[in-house]
Amino acid sequence: MNFLVTQAKISDAESMLDLMYSCKDDLDREGLNSFFTLPYWEQFKRIKAMLRGNVFIIKDNGKIIATLSESIIDSRMFDEYWSYETYFYPDHYASFGSFLVAKEYRRKGMAKKLMDHAEREVSKRGIGVIKALINKGNHVSIQVAKDLGFKKIGRGRVLGKYKCLFFEKELI
């Protein structure tokens, strides 16, 4: 089956929230469950706000099965975010988040398909570096990042809350 990566629309918010709930157990294990403590209307509002940016999705029969959000970061404004034991960052880099794949579609190339698409998109805008922040206990995501060509560059905390590992991938 040939799955196509597309840009998400505001109308995809409910399907994206469904995907997040289908991955809730994984997020709970990683200590990333604070989103689910919010009232449903607030969750929906946050998803819709995120969809105003660049969010890439893969659908199967109208249902979102994989997602990746992209932000271009000006590192001069976020020094306190990327902190502790990391090295100098370029002025602008891409940061990816909300990288989720429905359980029944894992190990089928969806993560690679999303990442390849996102890399092409940020390269078109002259961005040569992608950063990833991963909870140090999230061994599956760490392995996926390594499989996708990311290298560990540091460790630390994000806004004093999670102990994380910092990964980077330079685009050619």
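If you're wondering where the values come from, they're calculated on a predicted model, not measured in any experiment.

Undergrad: Is there a simple way to think about the overall build of the chain in this case?
TA: In terms of regular secondary structure, the chain is built from five helices and seven strands. Summarising the internal contacts of the chain: among those between residues at least 6 apart in sequence, 67% fall at separations of at least 24. Accessible area for the chain stands at about 10,000 Å²; split by element, carbon and sulfur atoms hold 53% of it.

Undergrad: Help me understand the nonpolar core, please; the structure alone is not making it clear to me.
TA: The tendency in soluble globular proteins is for nonpolar side chains to be buried as a group. Counting 42 residues, the largest nonpolar core has Ile58, Phe96, Met110, Phe150 and Phe167 as the members making the most contacts within it. Put simply, the parts of the chain that give this core at least two residues each are helix H1 (13-22), strand E2 (54-60), strand E3 (63-74), strand E4 (92-101), helix H4 (110-124), strand E5 (129-135), helix H5 (139-147) and strand E7 (162-170). Those residues in contact with Phe167 that lie beyond four places of it in its chain are Ile130, Lys131, Ala132, Ile134, Ile142, Ala145, Lys146, Phe150, Lys151, Lys152 and Ile153.

Undergrad: What exactly am I supposed to notice about the side chain of Asp12 here?
TA: Locating Asp12 in the fold gives a position in the loop between strand E1 (5-7) and H1. For Asp12, the contacting residues outside a window of four places in its chain are Leu51, Ile57, Lys59 and Ile64.

Undergrad: What am I meant to see in the pattern of salt bridges here?
TA: When charged atoms on two side chains of opposite charge get close, those side chains can pair. Tallying each qualifying case throughout the model produces seven salt bridges. With its nearest N and O atoms 2.7 Å apart, the salt bridge here joins Asp12 to Lys59. Residue Asp12 is found in the loop between E1 and H1, and its partner Lys59 is found in strand E2; the two are separated by 47 residues along the sequence. Overall, the relative accessible area of 35% leaves Lys59 in the partly exposed class.

Undergrad: Could you clarify how one ought to interpret unusual backbone geometry in this entry?
TA: What is expected of a backbone is that most residues other than glycine have negative phi and most peptide bonds are trans. With a phi close to 50 degrees, Asn61 is a non-glycine residue in the positive phi region. Position of Asn61 relative to the elements: it lies in the loop between E2 and E3. With a relative accessible area of 78%, Asn61 lands in the exposed category. For Arg107, which is not glycine, the phi dihedral falls at a positive 65 degrees. Its place among the elements puts Arg107 in the loop between E4 and H4.

Undergrad: Help me out: how do you make sense of the pairing of E2 in this one?
TA: Walk down a regular strand and you will see the side chains alternate between the two sheet faces. Of all the seven residues making up E2, five are buried; the element is thus mostly covered by neighbouring parts of the structure. In this structure, E1 lies alongside E2, joined through three bridges in antiparallel fashion. Looking at E2, one finds that Thr6 is bridged to Ile57.

Undergrad: Hey, could you run me through the packing of H1 against helix H3 (residues 40-50) in this one?
TA: When two helices pack together, their arrangement is given by the angle between the helix axes and by the axis-to-axis distance. Running from N to C, H1 and H3 cross one another at 115 degrees; their axes reach a closest spacing of 9 Å. Considered as vectors, H1 and H3 are oriented roughly perpendicular to each other. The hand of the H1/H3 crossing is right-handed. Where H1 approaches H3, its residues Ala13, Glu14, Met16, Leu17, Met20 and Tyr21 are matched on the opposing element by Tyr40, Gln43, Phe44, Ile47, Lys48 and Met50.

Cut-offs applied
- Throughout, residues of each chain are indexed from 1 in the direction in which the sequence is written.
- pLDDT decides what is reported in this predicted model: residues at 70 or higher carry local features, side-chain atom pairs at 80 or more are listed and counted, and totals for whole chains, interfaces and linings draw on all residues regardless.
- Values shown for side chains rest on all heavy atoms present in the structure; no hydrogens or waters enter the calculation.
- A run of DSSP states H or I qualifies as a helix once it reaches four residues; a run of E qualifies as a strand once it reaches two. Both are numbered from the N-terminal end.
- Contacts are residue-level and defined by heavy atoms, with any inter-residue pair within 4.5 Å sufficient.
- Working definition of accessibility: Shrake-Rupley area with a 1.4 Å probe, residue cover restricted to the visible protein chains.
- The term nonpolar core refers to a set of buried residues drawn from Ala, Val, Leu, Ile, Met, Phe, Trp, Tyr and Cys, joined through side-chain atoms within 4.5 Å.
- Burial here depends on accessible area, computed with a 1.4 Å probe over protein chains only, as a share of the maximum for the residue type. Under 20% is buried, over 50% is exposed, and the range in between is partly exposed.
- The rule for a salt bridge is simple: a side-chain nitrogen of Lys or Arg has to be within 4 Å of a carboxyl oxygen of Asp or Glu.
- Should DSSP find at least two bridges between two strands, the strands are taken to pair.
- Angles shown run from 0 to 180 degrees and are taken between the N-to-C directions of axes, each axis being a line fitted to C-alpha atoms and, for helices, limited to the stretch in contact.
- In this scheme, roughly parallel covers angles under 35 degrees and roughly antiparallel covers those over 145, while 65 to 115 is roughly perpendicular and the rest are oblique.
- Left-handed is the label given to a crossing in which the near helix is rotated counterclockwise from the far helix by less than a right angle, and right-handed is the label when the rotation is clockwise.

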